[in-house]
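Here are the chains, one letter per residue:
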Amino acid sequence: MPLSTSIPLAAGLVVLVLAGPAAAQAGKAEAPIPAATLALMAQKGVTAASPVLFRAYKKESEIEVWKKGRAGYVFIKTFPICRWSGQLGPKRKSGDRQTPEGFYTVPRRQMNPNSHYYLSFDVGYPNAYDRAHGGTGSAVMVHGICSSMGCFAMTNGTVGEIYAIARDALNGGQAAFQFQSYPFRMTAENMARHRTDPNIAFWRELKVGSDRFEASREELQVSVVAGRYAFAPSRDPAIEAAVTTRRAVEEARMTALAEAGEPAVRTTYSDGGQNAFWAAYTARGGAVGDISRPEALAFAGQEVVVVPGHRAHRPVPDTVWASWAAPESGLSPRQMAGFVPVYERAPDPFGALVAPLPTRYSDALPSWLAAGLAGSGSGRPILAGSPGGLLASAEAL
């Protein structure tokens, strides 16, 4: 080969070698959204350019994708998290290995097509809430490779699709997308079970935002007031009414579950967790790249019971009292004069509105038992002893 020809060719090879990694990086950052995911979007009436919102759940090790449709955000699909680190609870400082919880904003500048972890985007920790509570740290990512020091590690293939979904929404005109991060799915059951956790006050703030999104399907308008998360009301009065209703119902359910004897637990981790899908996949020999502290995953998600569960005692229905008091039951020392079972009485539709609330122990007793203890009817009490003494003793309980 003539020297005059070989010099340009060699120079061209050098250019290709040097440009190879950059071209590869650009290629994966521009990979299209898979056709199956685009089909899911089409079924929900949205497109790749529609605004996007992500919701992460640490205990379940999942990230959900939501896209904005005509009537609000609609669920598209769920991605399993390959690795997150730390415990349930917010990130507080640099180096604590905690994966953050809260409400974050991701503009285009936080997208990283040249990440050392395949592809990534910075979730935006610390946000205004974190800074108000002294939070320190940076570069908390959703990225590839199954290794986490406080990030949401997704494997290369999974993060490639997430990156493409976020990229196309930003290219479609969305200025920034919201990333909501929760310790677990914010159900009344989960809140009741974790009611004694030191983070419960913070998690109740997160639940207000979660309930608002569930009821409104609108992107949360988040601010921080006096060190607490605050959420702007919906402009639609009907939607705001639905939010108020959901909040009232969820609060009532949490209280009822605790009073009914739901056990209180703390979920502990050696160092974060992993979705069961990836655990099963790697157990079969599947490759996900480097896994940070794999030995810690054997002790992930251990529930420690703080308050044992119990069944709350339920009041005895009047029908049961009636069967116990029947002359032939053997439980009744005498027939109750004038006793009429509740199912034979004419209902009083307004009785509940005017009936006084019981303020003493004796007020809550069935009427026939109170009459017996007071010695009415036959003129003598059911039980031996002074009826006044019995009631007085009961009042003191």
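An unreviewed UniProt entry lists the chain under the name Protein of unassigned function, with Methylobacterium oryzae CBMB20 given as the organism. What UniProt records for the chain under Pathway (unreviewed entry) is the sentence "Cell wall biogenesis; peptidoglycan biosynthesis." As stated in UniProt under Sequence similarities (unreviewed entry), the record for the chain gives "Belongs to the YkuD family."

Quick look at the pattern of salt bridges now. All chains considered together, the criterion is met by 26 salt bridges. The partner of Glu-161 in a salt bridge is Lys-77, with the nearest N and O atoms 2.8 Å apart. Here Glu-161 is found in helix 4 (residues 156-171), whereas its partner Lys-77 is found in strand 3 (residues 72-80), with 84 residues between them in sequence. The two residues Glu-161 and Lys-77 agree in class, both being buried. Beyond isolated ion pairs, a larger network of salt bridges with shared partners links Glu-189, Arg-204, Lys-207, Asp-211, Arg-246, Arg-247, Glu-250, Glu-251 and Arg-253.

Below, the discussion takes up the UniProt feature "active site" (unreviewed entry) in the chain. Sequence positions flagged by UniProt for "active site" (unreviewed entry) are, in local numbering, His-143 and Cys-151. Within the element layout of this structure, His-143 appears in strand 7 (residues 141-143). Residues within four places of His-143 in sequence aside, it is in contact with Tyr-117, Leu-119, Ser-120, Cys-151, Phe-152, Ala-153, Met-154, Thr-155 and Val-159. A polar side-chain atom of His-143 sits 3.5 Å from the main-chain carbonyl oxygen of Ser-147. On the basis of relative accessibility, which here comes to 10%, the residue Cys-151 falls in the buried class. Setting aside residues up to four positions removed in sequence, Cys-151 forms contacts with Arg-83, Trp-84, Ser-85, Thr-99, Ala-139, Val-140, Met-141 and His-143.

Another aspect to go through is the sheet that holds strand 7. Pairing is mixed in the open sheet, where four strands are placed in the order 5-6-7-8. Each having just a single partner strand, strand 5 (111-112) and strand 8 (152-153) make up the two edges of the open sheet. Sheet analysis places strand 7 next to strand 8, joined by two bridges and oriented parallel. Paired with Val-142 across the two strands is Phe-152, which belongs to strand 8.

Scanning all chains against the criterion turns up one disulfide. Note on cysteine connectivity: Cys-82 is disulfide-linked to Cys-146, with sulfurs 2.1 Å apart. Disulfide Cys-82-Cys-146: torsion about the S-S bond near -95°, hence left-handed. Pair noted here: Cys-82 is in the loop between strand 3 and strand 4 (102-107) and Cys-146 is in the loop between strand 7 and strand 8, with a separation of 64 residues, a long-range link. The pair formed by Cys-82 and Cys-146 is uniform in burial state, with each residue classed as buried.

What follows covers the side chain of Lys-28. Considering the arrangement of structural elements, one finds Lys-28 in helix 1 (residues 3-29). For Lys-28, which is buried and forms no salt bridge, the nearest opposite charge comes from Glu-30, at a distance of 12 Å. Ignoring anything within four residues of it in the chain, the contact list for Lys-28 reads Pro-113, Tyr-118 and Leu-119.

Cut-offs applied
- Residues numbered from 1 in each chain as written.
- Predicted model: local features only at pLDDT ≥ 70, side-chain atom pairs only at ≥ 80, totals over all residues.
- Heavy atoms only, no water.
- UniProt positions renumbered as here; feature names shortened; annotations may be inferred.
- Salt bridge = Lys/Arg side-chain N within 4 Å of Asp/Glu carboxyl O.
- Helix = DSSP H or I, 4+ residues; strand = E, 2+ residues; numbered from the N terminus.
- Buried < 20%, exposed > 50% of the residue type's maximum accessible area, 1.4 Å probe, protein only.
- Contact = heavy atoms within 4.5 Å.
- Polar contact = N/O pair within 3.5 Å; in protein donor to acceptor, adjacent residues only side chain to side chain.
- Pairing = 2+ DSSP bridges.
- Disulfide = S-S within 2.5 Å.
- Lys, Arg positive; Asp, Glu negative; His and termini not counted.

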